[in-house]
Amino acid sequence: MSTDWLLFGHLVGAFLFVSGAVAAGALRLAALRASRPADVAVLLRAVRPLVPLIGVGLLTAIGFGFALADRLHIDLSSTWLIVTFALLAWIGVVGAVAGREDRRTRELAERLAADGSEESAEVAHRLRDARNLVLNASLLVATVAIVALMVWKP
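Residues numbered from 1 in each chain as written. Predicted model: local features only at pLDDT ≥ 70, side-chain atom pairs only at ≥ 80, totals over all residues. Heavy atoms only, no water.

**Q** For the environment of Ser-2, give the residues involved together with the corresponding values.
**A** With respect to the secondary-structure elements, Ser-2 resides in the segment before helix H1 (3-33). In this structure, the C-alpha to C-alpha distance between Ser-2 and Ala-34, residues 32 residues apart in sequence, is 48 Å. (Helix = DSSP H or I, 4+ residues; strand = E, 2+ residues; numbered from the N terminus.)

Here is the structure:
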């Protein structure tokens, strides 16, 4: 496979990963603004199909990235790659923790919506939980940092 095809595959994976992550973040942000549990449930449910897109994009970017690094004789112990690997690990762990919390919030919102509840202080509290907000924000920061590292390769 040519270097151009490896780069193309790496970029396709990166675009899938980043676009899925940005869309999930936008839906999470929209859920923060929603007041009815039914609306929160719909918005957080819309994140679910993005998770495989993010995962496939991430695995594609990593797979083609390793092949590209091998083809271009890039040292995998370069500082920018080590930082990237650490950020990817962070995204994996924190994404699982924050995703689990968001799933629980969605399930609560779905139960309340099924009961006909128009507002819920508990759903609002869960959406605005400081720890969860920081975790979700850190995912966005890590994603932007990875893109910056890939573009500028310090």
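**Q** Got a sec to walk through a nonpolar patch on the surface? Specific residues and values, please.
**A** A contiguous nonpolar patch, built from Met-1, Trp-5, Phe-8 and Val-12 and spanning about 470 Å² of accessible area, is present on the exposed surface. Following the sequence through the fold, Val-12 ends up in helix H1. (Patch = residues over 30% accessible without salt bridge, like charges linked within 9 Å, V, L, I, M, F, W, Y side chains within 5 Å. Areas by Shrake-Rupley, 256 points an atom, 1.4 Å probe, with all protein chains shown as cover. Salt bridge = Lys/Arg side-chain N within 4 Å of Asp/Glu carboxyl O.)

**Q** Go over unusual backbone geometry, please, and point to the residues and values.
**A** One non-glycine residue, His-73, adopts positive backbone phi at about 55 degrees. Tracing the chain through its elements places His-73 in the loop between helix H3 (50-71) and helix H4 (79-114). Take His-73: its relative accessible area is 73%, and that puts it in the exposed class. (Buried < 20%, exposed > 50% of the residue type's maximum accessible area, 1.4 Å probe, protein only.)

**Q** Which residues make up the packing of H4 against helix H6 (residues 130-152), and what values go with them?
**A** The geometry of H4 relative to H6 is characterised by a closest axis approach of 9 Å and an angle of 150 degrees between their N-to-C directions. It follows from the interaxial angle that H4 and H6 lie roughly antiparallel. Between H4 and H6 the crossing geometry is left-handed. Looking at the contact of H4 with H6 residue by residue, the classes come out as 17 nonpolar, six polar and three charged. (Axes fitted to C-alpha atoms, helices over the stretch in contact; angles between N-to-C directions. Parallel < 35°, antiparallel > 145°, perpendicular 65-115°, else oblique. Left-handed = near helix turned anticlockwise from the far one by under 90°. Nonpolar A, V, L, I, M, F, W, Y, C, P; charged D, E, K, R; others polar.)

**Q** Before we move on, can you summarise the side chain of Ser-120 with the specific residues and values?
**A** With respect to the secondary-structure elements, Ser-120 resides in the loop between H4 and helix H5 (121-127). We classify Ser-120 as buried; its relative accessible area is 12%. Here Glu-122 takes part through its backbone nitrogen, which lies 3.3 Å from a polar atom of the side chain of Ser-120. Filtering out sequence-adjacent residues up to four positions away, Ser-120 remains in contact with Ser-35, Pro-37 and Leu-112. (Polar contact = N/O pair within 3.5 Å; in protein donor to acceptor, adjacent residues only side chain to side chain. Contact = heavy atoms within 4.5 Å.)

**Q** How would you summarise the pattern of salt bridges if you had to cite specific residues and measurements?
**A** Counted by the stated rule, this structure contains eight salt bridges. In this structure, Asp-39 and Arg-36 form a salt bridge, with 3.2 Å as the shortest nitrogen-oxygen distance. Overall, the relative accessible area of 33% leaves Arg-36 in the partly exposed class. Among the ionic contacts, a cluster of salt bridges with common partners joins Arg-36, Asp-39 and Glu-118.

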